[in-house]
Amino acid sequence: MPERDLPLKDYDHLPVGSLASRIRTLGSEDLKTLLEYERSHANRVQVVSAMEHRLSGLADGAQPSGGDPAATGADAPPAAAGG
């Protein structure tokens, strides 16, 4: 899958630190797509772990947070308390 088809714009250029808040805006299917892409490309342990943890939370009833997954810097939604 090409990067342009991913649910987060410019995914390959996003800093790891911003991914945690951005993946919170995604639903399960989009997150699964991103996780598959990550595993087949950079396969960064920290990123894969964060995505797997978020998928588990979604499976347990968590909902995607508000905000724009394309937001950058000060525009990014704050991380929710409690993980």
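Here, every reference points to the structure presented above.
Quick notes on the rules
- Residues numbered from 1 in each chain as written.
- Predicted model: local features only at pLDDT ≥ 70, side-chain atom pairs only at ≥ 80, totals over all residues.
- Heavy atoms only, no water.
- Helix = DSSP H or I, 4+ residues; strand = E, 2+ residues; numbered from the N terminus.
- Expected span 1.5 Å × (residues − 1).
- Buried < 20%, exposed > 50% of the residue type's maximum accessible area, 1.4 Å probe, protein only.
- Arc of directions from axis to C-beta.
- Contact = heavy atoms within 4.5 Å.
- Lys, Arg positive; Asp, Glu negative; His and termini not counted.
- Salt bridge = Lys/Arg side-chain N within 4 Å of Asp/Glu carboxyl O.
- Polar contact = N/O pair within 3.5 Å; in protein donor to acceptor, adjacent residues only side chain to side chain.
- Phe/Tyr/Trp six-rings, centres within 6.5 Å; stacked < 30°, edge-to-face > 60°.

K.L.:
I would appreciate a short explanation of helix α3 (residues 45–59) in the present structure.
P.N.:
Since the α-helix advances by 3.6 residues per turn, residues separated by three or four positions end up pointing in the same direction. Over its 15 residues, α3 runs 21 Å from end to end, which matches the ideal 21 Å to within 8%, given 1.5 Å per residue. Of the residues making up α3, those classed as buried are Val47, Val48, Met51, Arg54, Leu55 and Leu58. Take α3 and look down its axis: the buried residues cluster within an arc of 130°, on one side only. Facing away from the buried side of α3 by over 90 degrees, the exposed positions are Val45, Gln46 and His53. Where the residues of α3 are buried, they touch α1 (16–23) and α2 (28–40).

K.L.:
I tried to follow unusual backbone geometry on my own but got confused; where do I start?
P.N.:
As a rule of thumb, non-glycine residues mostly have phi less than zero, and peptide bonds are mostly trans rather than cis. You will see that Asp10, though not glycine, has its phi angle at about 55°, which is positive. You can see Asp10 is positioned in the segment before α1. Classification of Asp10 by relative accessible area gives partly exposed; the value is 43%. Even without a glycine there, the phi angle at Asn43 is positive, about 50°.

K.L.:
Would you explain the side chain of Arg54 in this entry?
P.N.:
By secondary structure assignment, the location of Arg54 is in helix α3. Summary of buried charges: Arg54 has no salt-bridge partner, and the nearest side chain of opposite charge, Asp60, is 10.0 Å away. Side-chain polar atoms of Arg54 contact the backbone oxygen of Arg24, separated by 3.3 Å. Apart from residues lying up to four places away in sequence, Arg54 is in contact with Ile23, Arg24, Leu31, Ala62, Gln63, Pro64 and Ser65.

K.L.:
For this particular structure, what's the right way to read the packing of aromatic side chains?
P.N.:
The relative placement of two aromatic rings is captured by the distance of their centres and the angle of their planes. As enumerated under the stated definition, the model contains 1 aromatic pair in all. Between Tyr11 and Tyr37 the ring centres are 5.8 Å apart and the planes differ by 80°, which places this aromatic pair in the edge-to-face class. You can see Tyr11 sitting in the segment before α1 and its partner Tyr37 sitting in helix α2, a full 26 residues away along the chain. One exposure class covers both Tyr11 and Tyr37, and it is buried.

So yeah, pure geometry; function would need other evidence.
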